[in-house]
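Each chain, written out:
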Amino acid sequence: MKVVIPAAGQGTRFLPATKSMPKEMLPVLDRPVIQYVVEEAIASGADDITIVTGRGKRALEDHFDLSPELGKYNELPAMKSLDELAERATIHFVRQRTPRGLADAVLCAARHVGKEAFGVLLGDTINVCEPPLLRQLWDRFEELGGHSSVIAVEKVPDSKVSDYGIVAGPEVRPGVTEVQKMVEKPTLAKAPSRLGITGAYVLTSSIFHEIRTTPPGRNQEVQLTDAIDRLRQREKVYGVGFTGTRYDIGDRFLWLKTNLEFAMQQPELRERLRPLLREMMG
Ligand code: G1P
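Think of each chain on its own: its residues are numbered from 1, step by step along the sequence as written. Totals for whole chains, interfaces and linings use all residues, but because this is a predicted model, local features are given only for residues with pLDDT of at least 70 and pairs of side-chain atoms are given and counted only at 80 or more. Neither water nor hydrogens contribute to the side-chain values; these are computed over all heavy atoms in the structure.

> Could you give me a rundown of the environment of Arg272, with the residues and numbers involved?
Each helix corresponds to a stretch of at least 4 residues labelled H or I by DSSP, and each strand to a stretch of at least 2 residues labelled E; elements are numbered beginning at the N terminus. You can see Arg272 is positioned in helix 10 (residues 267-280). Whether a residue is buried, partly exposed or exposed follows from its accessible area with a 1.4 Å probe, protein chains only, as a fraction of its type maximum: under 20%, in between, or over 50%, in that order. Accessibility expressed as a relative area gives 59% for Arg272, which makes it exposed. At 3.3 Å, the side chain of Arg272 forms a polar contact with the side chain of Glu268. Pairing of N or O atoms within 3.5 Å defines a polar contact, subject to two protein rules: one partner must be a possible hydrogen donor and the other a possible acceptor, and residues neighboring in sequence count only if both atoms are side-chain atoms.

Structure, rendered in structure tokens:
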């Protein structure tokens, strides 16, 4: 399975932390977010990953490279497992020259993807799912005939609707919506449903043609939601529910919350955090 991971966003919500460091390198406990995303792709069956980067994002390439200067530290279990991870799939990097939006970033991988359907995972979102999220999506993709794109969706609260791409359409089988409307970050009044796009996709390669012909939308950027909306006028597109939890680290509160939740799952950290949190709460 080929997987594209757009990681070219500027991370403006994290400035100045992301002035010279990619937001995908922000750590959640002891690993940068991008590592969780690559782990998820590989656990889902990816053997070929393209990470789309941009200016100031070289740290992403270095992270998956060997680091002989670290000598014996390369023997640490965490370093060994990172090295094994990088060996399990071919990881390619391609640069988006101008920040022109998510769809344009996906388009940067077009030559590499070729004619196959492929997975997309966002470089700043961790999914903790069993089976892994992209595996769940790929299984749905195959069940639905293997020629219709599928996108992961979940119900979002009213207050969050305008942060998401929203899809709507009839539920054709439990947990599967045949998409008939898609809007990128609508106001609550204009939202056709409460089903939000969570940022994991299996797309047919026809998407590349649609991206090339989609005019810039919200924020003057070519939106992936708009391109998929055009795609669904030629091919079926399904929104599918999934089991598991999604951790968006898109702003400092969400990033902190993710760190805390992950820490609380580790017995040694939980033991030390509990009294500290109680004390802080007064
Ligand atoms: C992107 C997509 C949006 C989707 C969201 C999920 O927006 O454009 O459709 O709902 O990811 O996180 P972003 O969060 O990059 O602004």
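> Give a detailed account of helix 3 (residues 77-88), specifying residues and quantitative values.
Given a helix with a known number of residues, its expected span is that number minus one, times 1.5 Å. Between its first and last C-alpha atoms helix 3 spans 17 Å; for 12 residues at 1.5 Å apiece the expected length is 16 Å, and the two agree. Whether two residues are in contact is decided by their heavy atoms, any of which lying within 4.5 Å being enough. Tucked inside the fold, the buried residues of helix 3 contact helix 1 (33-43), helix 2 (58-63) and strand 5 (90-95).

> Any chance you could break down a nonpolar patch on the surface for me, citing the residues and the numbers?
Patch building starts from residues that exceed 30% relative accessible area and form no salt bridge, then joins like charges within 9 Å and nonpolar side chains (Val, Leu, Ile, Met, Phe, Trp, Tyr) within 5 Å. Residue burial considers only the protein chains on display, and all accessible areas are found by Shrake-Rupley using a 1.4 Å probe. We define a salt bridge as a side-chain nitrogen of Lys or Arg found within 4 Å of a carboxyl oxygen belonging to Asp or Glu. On the surface, Leu70, Tyr73 and Leu76 cluster together to form a nonpolar patch covering roughly 290 Å² of accessible area. Position of Tyr73 relative to the elements: it lies in the loop between helix 2 and helix 3. Taking relative accessible area as the criterion, Tyr73 reaches 47% and is therefore assigned partly exposed.

> I'd like to hear about the site of the ligand, residue by residue, with values.
Any residue with a non-hydrogen atom lying within 4 Å of a molecule or strand is treated as near it. Looking at the ligand, the residues that line it are Leu102, Leu122, Tyr164, Gly165, Glu184, Lys185, Ile197, Thr198, Gln223, Thr225 and Arg246. Contacts to the ligand include Gly165, whose backbone N or O atom sits 2.9 Å from an oxygen atom. One of the side-chain nitrogen or oxygen atoms of Lys185 is found 2.5 Å away from an oxygen atom of the ligand. Amino acids outside the nonpolar list (Ala, Val, Leu, Ile, Met, Phe, Trp, Tyr, Cys, Pro) and the charged list (Asp, Glu, Lys, Arg) are all regarded as polar, and Gly is one of them. For the shell around the ligand, a count of residues per class yields four nonpolar, four polar and three charged.

> A description of the pattern of salt bridges should follow, citing residues and the corresponding values.
Counted according to the given criterion, the structure contains 19 salt bridges. Between Arg31 and Glu39 there is a salt bridge, with its nearest N and O atoms 2.6 Å apart. Residue Glu39 is classed as partly exposed on the basis of its relative accessible area of 23%. Salt bridges sharing common partners tie together Asp30, Arg31 and Glu39.

> Tell me what's going on with the packing of aromatic side chains, and back it up with residues and numbers.
Here a Phe, Tyr or Trp ring, Trp counted by its six-membered ring, pairs with any other such ring whose centre lies within 6.5 Å, and the pair is stacked when the planes are under 30 degrees apart, edge-to-face when over 60, and tilted otherwise. This structure, assessed with the given rule, holds five aromatic pairs. Centre to centre, the rings of Tyr36 and Phe262 are 5.6 Å apart; their planes meet at 85°, and the pair counts as edge-to-face. On the criterion of sequence distance, the pair formed by Tyr36 in helix 1 and Phe262 in helix 9 (residues 252-264) is long-range, its members being 226 residues apart. Neither Tyr36 nor Phe262 differs from the other in exposure class; each is buried. By way of ring pairs, the aromatic residues Tyr36, Tyr247 and Phe262 are connected into one cluster.

> Now, about the pairing of strand 6 (residues 118-121): what can you tell me, with residues and values included?
Side-chain alternation along strand 6 places Phe118 and Val120 on one buried face and Gly119 and Leu121 on a second face that is also buried. Pairing between strands is defined by DSSP: at least two bridges between the two strands are required. Examined bridge by bridge, strand 1 (residues 2-6) and strand 6 share two bridges and lie parallel to one another. Bridge pairing links Val3 to Gly119 in strand 6. Note that strand 6 and strand 13 (residues 195-203) share four bridges and pair antiparallel. Counterpart to Val120 in the pairing with strand 13 is Tyr201.

> Mind laying out helix 6 (residues 133-143), listing which residues take part and the relevant values?
Those residues of helix 6 that fall on the buried side of the exposure criterion are Leu133, Leu134, Gln136, Leu137, Trp138 and Phe141. Gly145 lies just past helix 6 and shows a positive phi near 110°.

> Outline the nonpolar core, listing residues and values.
To form a nonpolar core, buried Ala, Val, Leu, Ile, Met, Phe, Trp, Tyr and Cys residues must be joined to one another through side-chain atoms within 4.5 Å. Counting 45 residues, the largest nonpolar core has Ile34, Val38, Ile49, Ile51 and Leu137 as the members making the most contacts within it. Of all the secondary structure elements, the ones that give two or more residues to this core are strand 1, helix 1, strand 4 (48-53), helix 3, helix 6, strand 8 (149-155), strand 13 and strand 14 (237-240). Per-element accounting of this core gives the leading share, seven residues, to helix 1. When near neighbours in sequence (up to four residues on either side) are disregarded, Leu137 contacts Val150, Ile151, Ala152, Ala200, Tyr201, Val202 and Val240. Of all hydrophobic cores here, the second largest spans 28 residues; its members include Val4, Val52, Val113 and Ile207.

> Pulling in residues and values, what's your account of the side chain of Thr53?
Tracing the sequence through the fold places Thr53 in strand 4. For Thr53, the residues in contact, after removing those within four places along its chain, are Ala7, Ala8, Leu60, Phe93, Val94, Arg95 and Gln96.

> Lay out the environment of Leu82 in plain terms, naming residues and giving numbers.
The residue Leu82 is located in helix 3 in this model. Under the relative-accessibility criterion, Leu82 is labelled buried at 10%. Expressed as a C-alpha distance, the spacing of Leu82 and Gly244, which sit 162 residues apart in the sequence, is 24 Å.

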